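Take a look at the letters that make up each chain.
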Amino acid sequence: MQQLEAAGVPFASRCAGVCALEDRVVAVFSPFFPGARQITATLVASLPPEAQEMLIRSSASFLVRSLAAGIVVSDLQALVRTDGSVLFIDFSEAMPFASPTGASAALQALGEWCTVLPPATHGAMADALTAELRAFKAASLCQDVAEVLADAPLFAAPEAALSQLQAAARWAAR
């Protein structure tokens, strides 16, 4: 969490502190995110199109920036509001991208995330990932991270969107 915070990764919960409660240590997280529910494919499919768009843009930002910071968050869990705002939580299975299994874990995490997105949104997700990659300076992103993002399993995305994603990943890679 500290590395994500130091890298300015958006849409991630932050640990505000720990305290003892009934002989247990309890972490206190911020921000408070009232009205949110644990993300599921059914929940995402029930969101109106503008809320799906917000969720997609925000999740693309989190995914790209956390990987760019060298952190793989396996078993992605998120809270989502009906307006599409999202907060990623539970980084207990996070690991360094540079670890021996980092790249495969990152691809698996992207695959898991793509399963909560309705296939009709895969093109928008590819476009959002492309936009996030284009926000980096050319040749500034780790080659392995760029390759993982280029291979995001967005099976229902149009070929043109996937081609643009791969081009953006090549452009951002060093």
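Overview of the structure. (Residues numbered from 1 in each chain as written. Predicted model: local features only at pLDDT ≥ 70, side-chain atom pairs only at ≥ 80, totals over all residues. Heavy atoms only, no water.)

## Looking at the sheet that holds strand E6 (residues 86-89)
Taken in spatial order, the three strands of this open sheet run E3-E5-E6, and their pairing is antiparallel. Strands with a single pairing partner mark the edges of an open sheet, and in this sheet they are strand E3 (37-38) and E6. Of the strands in this sheet, strand E5 (77-80) and E6 touch helix H3 (residues 49-68), which is tilted by about 35° from E6. (Pairing = 2+ DSSP bridges. Helix = DSSP H or I, 4+ residues; strand = E, 2+ residues; numbered from the N terminus. Contact = heavy atoms within 4.5 Å. Axes fitted to C-alpha atoms, helices over the stretch in contact; angles between N-to-C directions.)

## Things to note about helix H7 (residues 159-172)
With 14 residues, H7 ought to run about 20 Å at 1.5 Å a step, and its terminal C-alpha atoms sit 20 Å apart, in line with that. Those residues of H7 that fall on the buried side of the exposure criterion are Ala161, Leu162, Leu165, Ala168, Ala169 and Ala172. In an axial view of H7, the angular spread of the buried residues amounts to 120°, which keeps them on one side of the axis. For H7, the exposed residues set more than 90 degrees away from the buried face come down to Glu159, Ala160 and Arg170. (Expected span 1.5 Å × (residues − 1). Buried < 20%, exposed > 50% of the residue type's maximum accessible area, 1.4 Å probe, protein only. Arc of directions from axis to C-beta.)

## Some thoughts on the side chain of Ser59
Topologically, Ser59 is positioned in helix H3. Note on Ser59: relative accessible area 0%, which makes it buried. At a separation of 3.1 Å, a polar atom in the side chain of Ser59 contacts the main-chain carbonyl oxygen of Ile56. The residues contacting Ser59, other than those within four sequence positions of it, are Val86, Phe88, Trp113 and Met125. (Polar contact = N/O pair within 3.5 Å; in protein donor to acceptor, adjacent residues only side chain to side chain.)

## A word on the packing of helix H6 (residues 143-150) against H7
Their axes nearest at 9 Å, the elements H6 and H7 cross at an angle of 175°. With respect to their mutual orientation, H6 and H7 come out roughly antiparallel. Touching Ala146, Leu149 and Ala150 of H6 are Leu165, Gln166 and Ala169, all from H7. (Parallel < 35°, antiparallel > 145°, perpendicular 65-115°, else oblique.)

## Focus: the pattern of salt bridges
Applying the stated criterion across every chain yields a total of two salt bridges. Among the ionic pairs, Arg57 bridges to Glu53, the shortest N-O distance being 2.8 Å. Residue Arg57 and its partner Glu53 are both found in helix H3; the two are separated by four residues, about one turn of the helix. Of the residues examined, Glu53 reaches a relative accessible area of 47% and is grouped as partly exposed. (Salt bridge = Lys/Arg side-chain N within 4 Å of Asp/Glu carboxyl O.)

## A few points about a negative patch on the surface
Taken together, Asp75, Asp90, Glu93 and Glu112 make up a surface patch of like negative charges. Tracing the sequence through the fold places Asp75 in the loop between strand E4 (71-73) and E5. The partly exposed category is assigned to Asp75, whose relative accessible area is 32%. (Patch = residues over 30% accessible without salt bridge, like charges linked within 9 Å, V, L, I, M, F, W, Y side chains within 5 Å. Areas by Shrake-Rupley, 256 points an atom, 1.4 Å probe, with all protein chains shown as cover. Lys, Arg positive; Asp, Glu negative; His and termini not counted. Charge placed at Lys NZ, Arg CZ, Asp CG, Glu CD.)

## Notes on the side chain of Ser61
By the secondary structure assignment, Ser61 is in helix H3. In this view, Ser61 contacts Pro10, Phe11 and Glu132; residues no more than four positions away in its chain are not counted.

## Some thoughts on the pairing of E6
Where E5 lies against E6, four bridges are found, and the strand directions are antiparallel. Paired with Val80 across the two strands is Val86, which belongs to E6.

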